[in-house]
Amino acid sequence: MTTEVREQAQQDPPTDRPVRVYADGIYDLFHYGHARSLEQAKKLFPNTYLLVGCCNDELTHQFKGKTVMTDKERYESLRHCNYADASGASNDVYDFVKKAGKFKETKRADGISTSDLIMRIVKDYNEYVTRNLARGYTRKDLGVSYVKEKRLRVNMGLKKLQENVKRHREKVEEKIQVVTKTARVHRNEWVENADRLVAGFLEMFEEGCHKMGL
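Bear in mind the structure is a predicted one, so any value in this text is a computation, not a measurement.

S.K.: Please give an account of the overall build of the protein that cites residues and values.
M.R.: Secondary structure assignment for the protein yields nine helices and three strands. Secondary structure elements of the protein occur, N-terminal to C-terminal, as α-β-α-β-α-α-β-α-α-α-α-α. In the protein, which comprises 214 residues, the share counted as buried stands at 23%. Pairs at least 24 apart in sequence give 66% of the contacts found in the protein among residues at least 6 apart. Surface accessibility of the protein: about 16,500 Å² in total, with carbon and sulfur atoms responsible for 55%.

Laid out in structure tokens, this is it:
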């Protein structure tokens, strides 16, 4: 199908049936970029039946690399996407679709991809491992060595100690502020009382002087 025919089909789609659209991908760590891509596919025609294929582990690992999620988990993620009307495992079918002139590319969402998410995890690897150790995972669950586990647990202890010291220091500072404020109030009261006493003494002294004719 030529570009002109495809554009015409989009401008004048059939009204007696849904237009079947097929989208294919790996969909590892399914995120909003994937959802937006499927949304574009779903909205290609007013009445679209969207079929979504997901490459299995065998092909994905062979041609792209290891995934975080298994193919079964990726299939299940797609089944819970509202834009997909049907989904399942699939081999790469782009070749004959392109030859038939029915291939339509969706735009990639900027700022998000599975690779980006994985890089965030790698960048903050120690933090994620530490958090999961605190949640009860073992070093074997997380694939870390005995030495690394001990080092991370020592760091956890130091961090906890620092947090306790910080909380204690904040409480001490709060108490100091309260004492300082209270002392300032008492000082102001003492000054006011002293002023009254001096003023009273001067008045009494002045009256005494008048009586004495001074």
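Once you've had a look at it, read on.
S.K.: Now, about the pattern of salt bridges: what can you tell me, with residues and values included?
M.R.: Inspection of the entire model under this criterion finds seven salt bridges. Note that Asp 71 and Lys 72 form a salt bridge whose closest N and O atoms lie 3.6 Å from each other. Taking relative accessible area as the criterion, Asp 71 reaches 11% and is therefore assigned buried. Taking the shortest distance from any N to any O, the salt bridge between Glu 76 and Arg 79 comes out at 3.3 Å. Taken together, the residues Glu 76 and Arg 79, both in helix H4 (residues 71-79) and three residues apart, mark about one turn of the helix. Residues participating in the shared-partner salt-bridge network are Arg 139, Glu 149 and Arg 153.

S.K.: Requested: an account of the pairing of strand S2 (residues 48-55), with residues and values cited.
M.R.: Regular strands place their side chains on alternate faces of the sheet. Burial analysis of S2 places six of its eight residues in the buried class, the great majority of the element. Pairing geometry for strand S1 (residues 19-25) and S2, over seven bridges, is parallel. From the neighbouring strand, Ala 23 faces S2, where its bridge partner is Val 52. In this region the chain leaves S1, passes through helix H2 (residues 32-42) and returns to the parallel neighbour S2; the handedness of that crossover is right-handed.

S.K.: Which residues make up the nonpolar core, and what values do they have?
M.R.: One finds Val 21, Tyr 27, Leu 38, Leu 50, Val 52 and Leu 78 to be the most contacted residues of the largest nonpolar core, which totals 14 residues. Elements supplying a minimum of two residues to this core: S1, H2, S2 and H4. Sequence-distant contacts of Tyr 27, defined by excluding residues within four places in its chain, comprise His 34, Leu 38, Val 52, Gly 53, Cys 54, Arg 74 and Leu 78.

S.K.: So what about the confidence of the model for the protein? Which residues, and what values?
M.R.: The predicted model of the protein averages 77 in pLDDT, with 68% of residues at 70 or higher. Scored below 50 in pLDDT, residues 1-6 shows six contacts in the model against residues more than four places distant or in partner chains.

Reading the values: the criteria
- Residues numbered from 1 in each chain as written.
- Predicted model: local features only at pLDDT ≥ 70, side-chain atom pairs only at ≥ 80, totals over all residues.
- Heavy atoms only, no water.
- Helix = DSSP H or I, 4+ residues; strand = E, 2+ residues; numbered from the N terminus.
- Buried < 20%, exposed > 50% of the residue type's maximum accessible area, 1.4 Å probe, protein only.
- Contact = heavy atoms within 4.5 Å.
- Areas by Shrake-Rupley, 256 points an atom, 1.4 Å probe, with all protein chains shown as cover.
- Salt bridge = Lys/Arg side-chain N within 4 Å of Asp/Glu carboxyl O.
- Pairing = 2+ DSSP bridges.
- Right-handed = clockwise from strand over helix to strand, strands pointing away.
- Core = buried A, V, L, I, M, F, W, Y, C linked by side-chain atoms within 4.5 Å.
- pLDDT = per-residue confidence, 0-100.

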